[in-house]
Amino acid sequence: MICHPHVKINLGLHVLRRRDDGFHDLETLFVPFHGIRDTLEIVPGDSFLTLFPDSSCHSERSEESISQSITPDGKVLVTIRKAGGVGWDPAGDLTVRAYQLLDADFHLPPVKIYLEKHAPVGAGLGGGSSDAAFALKMVAGLFGLDLSDEALAGYASRLGSDCAFFVYDCPMLGTGRGEVLSQWDGMRLAPDGSIVLRSGARYRIEAIVPEGISVSTAEAYRGIVPMERTPGNSLTDVLSRPVERWRECLVNDFETTVFAVHPTLARYKEALYERGAVYAAMSGSGSALFGLFPELS
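Residues numbered from 1 in each chain as written. Predicted model: local features only at pLDDT ≥ 70, side-chain atom pairs only at ≥ 80, totals over all residues. Heavy atoms only, no water.

**Q** Would you mind showing me how to read the packing of helix 1 (residues 94-106) against helix 2 (residues 127-142) here?
**A** Geometry of a packed helix pair, given as the angle between the helix axes and the separation of the axes. Contact geometry of helix 1 with helix 2 gives a least axis separation of 8 Å together with a crossing angle of 35°. Read as a crossing pair, helix 1 and helix 2 show a hand that is right-handed. Facing helix 1, whose interface residues are Leu-94, Thr-95, Ala-98, Tyr-99 and Leu-102, helix 2 presents Gly-128, Ser-129, Asp-131, Ala-132, Ala-135, Leu-136, Val-139 and Ala-140. Looking at the contact of helix 1 with helix 2, its residues break down into nine nonpolar, three polar and one charged. (Axes fitted to C-alpha atoms, helices over the stretch in contact; angles between N-to-C directions. Helix = DSSP H or I, 4+ residues; strand = E, 2+ residues; numbered from the N terminus. Left-handed = near helix turned anticlockwise from the far one by under 90°. Contact = heavy atoms within 4.5 Å. Nonpolar A, V, L, I, M, F, W, Y, C, P; charged D, E, K, R; others polar.)

This is the structure in structure tokens:
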């Protein structure tokens with residue numbers, strides 16, 4: 001079973017208040033972005049991985065970019081391929097943790113996991129969360145667990161604040177830590193990956209992932225001052241305004257702190273506007289940026 005987990009962008013990201021559990025209450029609009037995708041294959045432990053890396057079909061790639069591990073219980077053999085190397089223990093990857101959540105409840109057979117990473121790490125695009133959510137869906141399908149999207153989202157929310165969003169494939173409002181989701185009818189995703197607003201206007205998403213800049217969540221929160229929005233300025237209120245006005249009122253609160261440390265990112269954002277974007281912003285806690293470009297209907 002093979003799939004291609006995609007990333008996301010955030011349209012607006014408000015940090016509202018700090019919670020007693022140490023997290024923050026947020027509001028954001030998650031939007032799928034299919035322009036950056038990983039490759040994920042999961043098969044039963046006694047099966048062959050069709051994408052398993054070997055010298056005959058991947059001779060042009062450095063073996064240094066491959067990392068493989070077996071979980072201590074011997075139930076998961078995981079192989080990860082990533083340009084520049086894998087900077088974490090594959091046995092602790094979110095795809096493995098997704099399997100382990102379901103295994104704890106359903107006592108599953110062993111599996112093999114192959115993950116080829118293209119989504120950047122520390123860019124605010126949710127690549128790891130996407131891998132985990134897709135792994136949940138794949139494992140559930142592989143073993144006939146018959147879990148609803150709501151049940152899968154419940155498991156996903158235990159893996160990461162934005163993980164539950166990837167169980168679905170449509171724009172969704174995220175509140176709480178980002179795991180409380182509701183559909184938003186002001187936007188839909190077209191088959192080609194562009195977004196279509198209620199007015200019928202269509203916009204192409206383009207993303208920039210600056211090389212050499214990775215922003216940790218802790219770094220992004222450093223200096224953030226949570227702020228309740230006044231009536232009329234909630235995220236849904238702002239998103240309901242004409243897209244031409246978003247530049248002046250649709251904000252990602254993390255930009256203030258992240259741009260202060262990485263001023264290059266502010267220049268990338270301005271470059272998107274210079275190229276004709278009707279709206280541009282940083283995604284999540286950065287460092288990736290994106291622009292919305294008008295398309296003819």
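**Q** Explain the pattern of salt bridges here, please?
**A** Any two side chains of opposite charge can pair, given that their charged atoms come close. With the rule as written, the count across this model stands at 14 salt bridges. In this structure, Asp-25 engages Arg-17 in a salt bridge whose closest nitrogen and oxygen atoms are separated by 3.0 Å. Residue Asp-25 is classed as buried on the basis of its relative accessible area of 15%. Note that Asp-103 and Lys-75 form a salt bridge whose closest N and O atoms lie 2.8 Å from each other. Of the two residues, Asp-103 is situated in helix 1 and Lys-75 in the loop between strand 5 (66-70) and strand 6 (76-82); the sequence distance between them amounts to 28 residues. Take Asp-103 and Lys-75: they sit in the same class, and that class is buried. Among the charged side chains, a salt-bridge network with shared partners connects Arg-17, Arg-19, Asp-21 and Asp-25. (Salt bridge = Lys/Arg side-chain N within 4 Å of Asp/Glu carboxyl O. Buried < 20%, exposed > 50% of the residue type's maximum accessible area, 1.4 Å probe, protein only.)

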